[in-house]
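Residue-level structural notes
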Amino acid sequence: MSRMKDTGRTMGQGWRKGPRATRRLVTDRLATALSLGATALLVIALASILWTLLRNGIAGLSIAALIHPMGPPGTNGGLANAIVGSVIQTVVALLIATPIGLGCGVFLSEFGRGSRFATSVRFVSDVLLSAPSILIGLFVYLVLVAPFGHFSGLAGSVALAILAVPIIVRTTEDMLRLVPVAMREAGAALGAAHWRVVLFLCLRSAAPGVLTGILLALARVSGETAPLLFTSLGNQNWSFSLDRPMASLPIAIYQYAGASYDDWVRLAWTGALLVTLGVLGINIIVRFGFRKKQS
Amino acid sequence: MKRAPAPRTTPAPLQEARATPLWKGDRLFRLVVGFCALLVLVSLGGLVLTMAFGGSKAFATFGPEFVVSNIWNPVTNQYGALAPVFGTLGSTLIAILIGVPLAFGAAFWLTNIAPPVIAGIVGTAVQLLAAVPSIIFGMWGFFIVVPFMAQHVQPFFRHHFGHVPVIRWLVHGAPFGYGLLTGGIVLAVMITPFVTAVMRDVFAVMPPMLKESAYGLGATRWEVMRRVIVPWSRAGMIGGVVLGMGRALGETMAVTFVIGNANTIGWSLFAPRNTVASLVALEFPESAAGSLKLSSLLALGFILMLLSFTTLAFARWLLREKKA
């Protein structure tokens, strides 16, 4: 921060800070202060969210909330079926999305230079990335729910998978592009086929980034409510079949948060806390894993 | 599918030197990943087609009137898209205006100014918070921001600016706490960590030598940011903003709790409005299959789709021009 001043002093005798240097210094200071302000504001807003979440969520957190299924107001209902439903749907969604996303990302980075097909896939993936999640819900409703006449957990998973794929595609492609050319050349020089170079050299060296993408996808998907509204619908009871309407935490939160029953609102907060803890927990665990591997 | 030209990264002689058996594996590999790419293409195609097909009844009934009419009345079966589209664009604009400077400032501070330890902690926190589901932001908005707006912000603006011409129109309205501005603020808080995380990553992968050279020439930190880092990482930054904007445009849960759900148009930032996404979320479950209402909702979805298309095309165009 005192660089400019020091320069002035050490350069000594003949040098005096002119208007131009002052202006540069002031601009720099101003930018520094503003950026600090922006960060502080951001941190305060986020702290407020976390604080609200913790205060209200912990109040309703109990064993009963974790092992009882949802129930009518006043019956000591819990969230157990919603938790299980969420886990099932998210896992199935990622199982669908990860191979497709990786494959597409690899295609774009390895075979996608200049070809028209690749350009359009890239564009489409970008569009899907910013495609409103609720539209994905509508789409899957029209394709997988309306023709079969009933809502299903599988439809929910497919909707979530469609959301996850473009995130994985984008990060995979970006990360593969960051892999140094020398590494590919080294692989090729050893006589490895292109696919081996890609899978075992490039993808591996880009693994942390690619995994970040999958995690971003997981994080995005596990809290998504909108695409599930018209696909897996939510369920007040236990449901393990992907063929039937399935409960999920976000839907439970959505249904309960606006309710006028105190115990439902409390459960909504608890659910919100659980979703957030789950998402953050996964992130933290993976970060930890990375550090260990790298060192 | 014809064979693509060899990747530029591998020198041509190496390509020729490859033995034939390897080539077969490559071909299969290419087919498999190409199929994945095709799936992505097909899913968007399906999305656009189903929306267009589903909304065709509404477009056929109302014609172009659908887009410019601000009436949304299920009782009289009259539907127009203008009000929710207005709400969507308005709240997104507010979110971007608030969120992007914040994100840029935070990313600048985290990468160039903060002591490494603090930058590590805050940066990780921001990155983690980018992962918080949108419904959490919706609940926070509903229980914290809405009362705050109703009790403090709105009375303040009404009191101080209620008689100032022009601004008066912006702050007009009963202090419900719900409204366009509240929606925009919640959206901004939601997308800022996301955009910050992307920008920070983009700044972080920049070769330090470029920065150090600029510092060596005596540039201040802001000058390094402005003249070296920003030009170098512009594409990534815009990418981050587009990601955030995409989330804001189509966000349902964070908005539906706080926007007020009134299909109206007006200057006031404090009056309840509606967005396309939250209107669909609210009314879709109440619409009978094959009804005009359902079709209108799908037509709205189609319009939303077009909006995000246009946004993205615009961003891409920006990207290209800056790169050249």
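One structure accompanies this document, and this report is about it. (Residues numbered from 1 in each chain as written. Chains lettered and ligands numbered in written order. Predicted model: local features only at pLDDT ≥ 70, side-chain atom pairs only at ≥ 80, totals over all residues. Heavy atoms only, no water.)

**Considering the overall build of chain B**
On a plain count of helices and strands, chain B comes out with 14 helices and 2 strands. Looking at the 324 residues of chain B, the share that counts as buried comes to 53%. Taking the contacts inside chain B whose residues are at least 6 apart along the sequence as the reference set, 74% of them involve residues at least 24 apart. Element-wise, carbon and sulfur atoms account for 71% of the exposed surface of chain B, whose accessible area totals about 14,600 Å². (Helix = DSSP H or I, 4+ residues; strand = E, 2+ residues; numbered from the N terminus. Buried < 20%, exposed > 50% of the residue type's maximum accessible area, 1.4 Å probe, protein only. Contact = heavy atoms within 4.5 Å. Areas by Shrake-Rupley, 256 points an atom, 1.4 Å probe, with all protein chains shown as cover.)

**A word on helix α7 (residues 153-178) of chain A**
Helical periodicity: at 3.6 residues per turn, an α-helix aligns residues three or four positions apart in one direction. Under the 1.5 Å per step criterion, the end-to-end length of α7(A) is 38 Å for 26 residues, consistent within 8% with the ideal 38 Å. Burial of α7(A) is extensive: 19 of the 26 residues sit out of reach of the surface. (Expected span 1.5 Å × (residues − 1).)

**Quick look at a nonpolar patch on the surface**
On the surface, V164(B), V166(B), I167(B), W169(B) and W267(B) cluster together into a nonpolar patch covering about 530 Å² of accessible area. Tracing the sequence through the fold places W267(B) in the loop between α12 (253-256) and α13 (276-283). (Patch = residues over 30% accessible without salt bridge, like charges linked within 9 Å, V, L, I, M, F, W, Y side chains within 5 Å. Salt bridge = Lys/Arg side-chain N within 4 Å of Asp/Glu carboxyl O.)

**Brief notes about the packing of helix α6 (residues 133-145) of chain A against α7(A)**
Residues and elements named next belong to chain A. Their axes nearest at 9 Å, the elements α6 and α7 cross at an angle of 140 degrees. When the axes of α6 and α7 are compared, the pair comes out oblique. In this structure, α6 meets α7 at a crossing whose hand is right-handed. Facing S133, I136, F139, V140, L144 and V145 of α6, the residues of α7 in contact are A155, V158, A159, I162 and L163. Tallied by class, the residues present in the contact of α6 with α7 amount to 10 nonpolar, 1 polar and no charged. (Axes fitted to C-alpha atoms, helices over the stretch in contact; angles between N-to-C directions. Parallel < 35°, antiparallel > 145°, perpendicular 65-115°, else oblique. Left-handed = near helix turned anticlockwise from the far one by under 90°. Nonpolar A, V, L, I, M, F, W, Y, C, P; charged D, E, K, R; others polar.)

**Comments concerning the interface of chain A and chain B**
Residue-level contacts link 90 residues of chain A with 84 residues of chain B. Summing both partners gives a buried area of about 7,900 Å² for chain A against chain B, and 78% of it is carried by carbon and sulfur. As a salt-bridge pair, E223(B) and R24(A) come within 2.6 Å of each other at their nearest N and O atoms. Taken together, the connections running from chain A to chain B amount to 7 residue pairs in polar contact (both at pLDDT 80 or more). If you tally residues by element for the side of chain A that touches chain B, the top one is helix α2 (residues 19-60) of chain A, at 19 residues. For the side of chain A that touches chain B, the residue count by class is 60 nonpolar, 18 polar and 12 charged. (Buried area = accessible area lost by both parts, 1.4 Å probe. Polar contact = N/O pair within 3.5 Å; in protein donor to acceptor, adjacent residues only side chain to side chain.)

**As for empty space enclosed by the protein**
Applying the stated criterion across every chain, the model contains 5 cavities of 30 Å³ or more. Size it by volume and the largest cavity reaches roughly 80 Å³. What lines the largest cavity is simply L129(A), S130(A), A131(A), P132(A), S133(A), R220(A), E224(A), G246(B), R247(B), G250(B) and E251(B). Going through the elements one at a time, α5 (116-130) of chain A together with α11 (234-250) of chain B are the ones with two or more residues in the lining of the largest cavity. Examining the composition of the lining of the largest cavity, we find that 3 residues originate from one element, α11(B), more than from any other. (1 Å grid on protein atoms, 1.4 Å probe; cavity = no way out; pocket = protein on both sides within 12 Å on 5 of 7 lines; lining within 4 Å. Points joined across faces, edges and corners; volume = space filled by probe spheres on them.)

**As for the packing of aromatic side chains**
All names here are of chain B. Under the definition given, this model contains 25 aromatic pairs over all chains. Seen in terms of ring centroids, F104 and F203 are 6.4 Å apart; in terms of plane orientation they differ by 85 degrees. Their pairing is edge-to-face. Highlighted residues: F104 in helix α4 (residues 82-113) and F203 in helix α8 (residues 180-204), separated in sequence by 99 residues. Here F108 and W222 contribute two aromatic rings whose centre-to-centre distance is 5.6 Å and whose plane-to-plane angle is 70 degrees, an arrangement assigned as edge-to-face. You can see F108 sitting in helix α4 and its partner W222 sitting in helix α10 (residues 221-232), a full 114 residues away along the chain. Classification of F108 by relative accessible area gives buried; the value is 2%. Given the relative accessible area of 22%, W222 is considered partly exposed. Here the aromatic cluster, defined as three or more aromatic residues joined through ring pairs, consists of F59, F62, F66, W72, Y79 and F302. Across from the ring centre of F194, 4.5 Å away, lies the NZ or CZ of R247, which sits over that ring. (Phe/Tyr/Trp six-rings, centres within 6.5 Å; stacked < 30°, edge-to-face > 60°. Lys NZ or Arg CZ within 6 Å of the ring centre and 35° of its normal.)

**Some details on the side chain of S278(B)**
Residues and elements named next belong to chain B. In this fold, S278 is placed in helix α13. Only 2.5 Å separates the side chain of S278 from the side chain of N274, close enough to count as a polar contact. Aside from chain neighbours lying at most four places away, what touches S278 is T252, T256, I259 and N261.

**Considerations on the pattern of salt bridges**
Side chains carrying opposite charge are able to pair once their charged atoms draw close together. Residue and element names in this part refer to chain A. This structure, assessed with the given rule, holds 6 salt bridges over all chains. Across the pair E110 and R184 runs a salt bridge, and its minimum N-O distance is 2.9 Å. A residue pair is termed long-range when its members are at least 10 positions apart, and E110 in helix α4 (residues 80-111) and R184 in helix α8 (residues 181-189) qualify at 74 residues. No difference in accessibility class separates E110 from R184, as the two residues are buried. Here E173 ties to R177 by a salt bridge, and the two come within 3.4 Å at their closest N and O atoms. Of this pair, E173 and R177 both sit in helix α7, 4 residues apart, which is roughly one turn of the helix. Classification of E173 by relative accessible area gives buried; the value is 6%. Given the relative accessible area of 40%, R177 is considered partly exposed. One salt-bridge network, held together by shared partners, links R122, E173 and R177.

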